[in-house]
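In case you want the letters, here they are:
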Amino acid sequence: AATNSYNRSEDGTPQTDANTNQQISPKVVIAMVVPESQGALDATGAYYSNYNVIGSGPVDVFQDGTVTTGQWTKSSMTSQITFTDASGQPIKLNPGQTWLTAVISASDIVYAP
């Protein structure tokens, strides 16, 4: 709350910027629900995940200690992603670092006030 940021962790460990060694702390976190499919095999025999970000789907935008539920839309590879709230109005994002993450189900988005 003091910095109006969200501290990023991975597996319970603070995730740090390799250049500054500081914990990643974006002002805005965006969780987009997107379709996922199995991609090509990598050198170890594991499959890559393909996330389809052309189209639209649910989104949760976290900023200022609140969450706004809405819709993301991207019409083509070269178009901007837009975020609108439940009434169809654009969601204004705070200036500063933004963390965008793709999830395959809205039930994957878990948060506590």
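Okay, so let's go over this structure. (Residues numbered from 1 in each chain as written. Predicted model: local features only at pLDDT ≥ 70, side-chain atom pairs only at ≥ 80, totals over all residues. Heavy atoms only, no water.)

**Digging into the overall build of the chain**
Step number 1: Summing up its helical and strand segments, the chain has zero helices and nine strands in all.
Step number 2: Along its sequence from the N terminus, the chain presents helices and strands in the succession β-β-β-β-β-β-β-β-β.
Step number 3: Along the first, second and third principal axes, the C-alpha atoms of the chain reach 45 × 40 × 30 Å.
Step number 4: The buried share among the 113 residues of the chain stands at 24%.
Step number 5: When the accessible surface of the chain is totalled, it reaches about 7600 Å², and 52% of it is carbon and sulfur.
Step number 6: If you average the places of the 4 positive and of the 9 negative side-chain charges in the chain, the two averages end up 12 Å apart. (Helix = DSSP H or I, 4+ residues; strand = E, 2+ residues; numbered from the N terminus. Buried < 20%, exposed > 50% of the residue type's maximum accessible area, 1.4 Å probe, protein only. Areas by Shrake-Rupley, 256 points an atom, 1.4 Å probe, with all protein chains shown as cover. Lys, Arg positive; Asp, Glu negative; His and termini not counted. Charge placed at Lys NZ, Arg CZ, Asp CG, Glu CD.)

**Considerations on the pairing of strand 7 (residues 66-74)**
Step number 1: Two strands pair when backbone bridges link them, and strand 6 (residues 55-63) and strand 7 are joined in this way by nine bridges, in the antiparallel orientation. Residue pairing for strand 7: G55 is matched across the bridge by K74.
Step number 2: Hairpin connection from strand 6 to strand 7: two residues lie between these consecutive antiparallel strands, with D64 at a positive phi of about 55°.
Step number 3: Relative to strand 8 (residues 82-85), strand 7 runs antiparallel, the two sharing four bridges. Paired with W72 across the strands is F83, a residue of strand 8. (Pairing = 2+ DSSP bridges.)

**Things to note about the side chain of Q15**
Step number 1: Mapped onto the elements of the fold, Q15 is located in the loop between strand 2 (13-14) and strand 3 (28-33).
Step number 2: Excluding its chain neighbours within four sequence positions, the residues that come into contact with Q15 are R8, S9, E10, Q22, Q23, I24 and W99. (Contact = heavy atoms within 4.5 Å.)

**As for the layout of surface pockets**
Step number 1: As a volume, the largest pocket reaches approximately 530 Å³.
Step number 2: Breaking the lining of the largest pocket down by element, the ones donating at least two residues are strand 3, strand 7 and strand 9 (98-103).
Step number 3: A per-element tally of the lining of the largest pocket places strand 9 first, with three residues. (1 Å grid on protein atoms, 1.4 Å probe; cavity = no way out; pocket = protein on both sides within 12 Å on 5 of 7 lines; lining within 4 Å. Points joined across faces, edges and corners; volume = space filled by probe spheres on them.)

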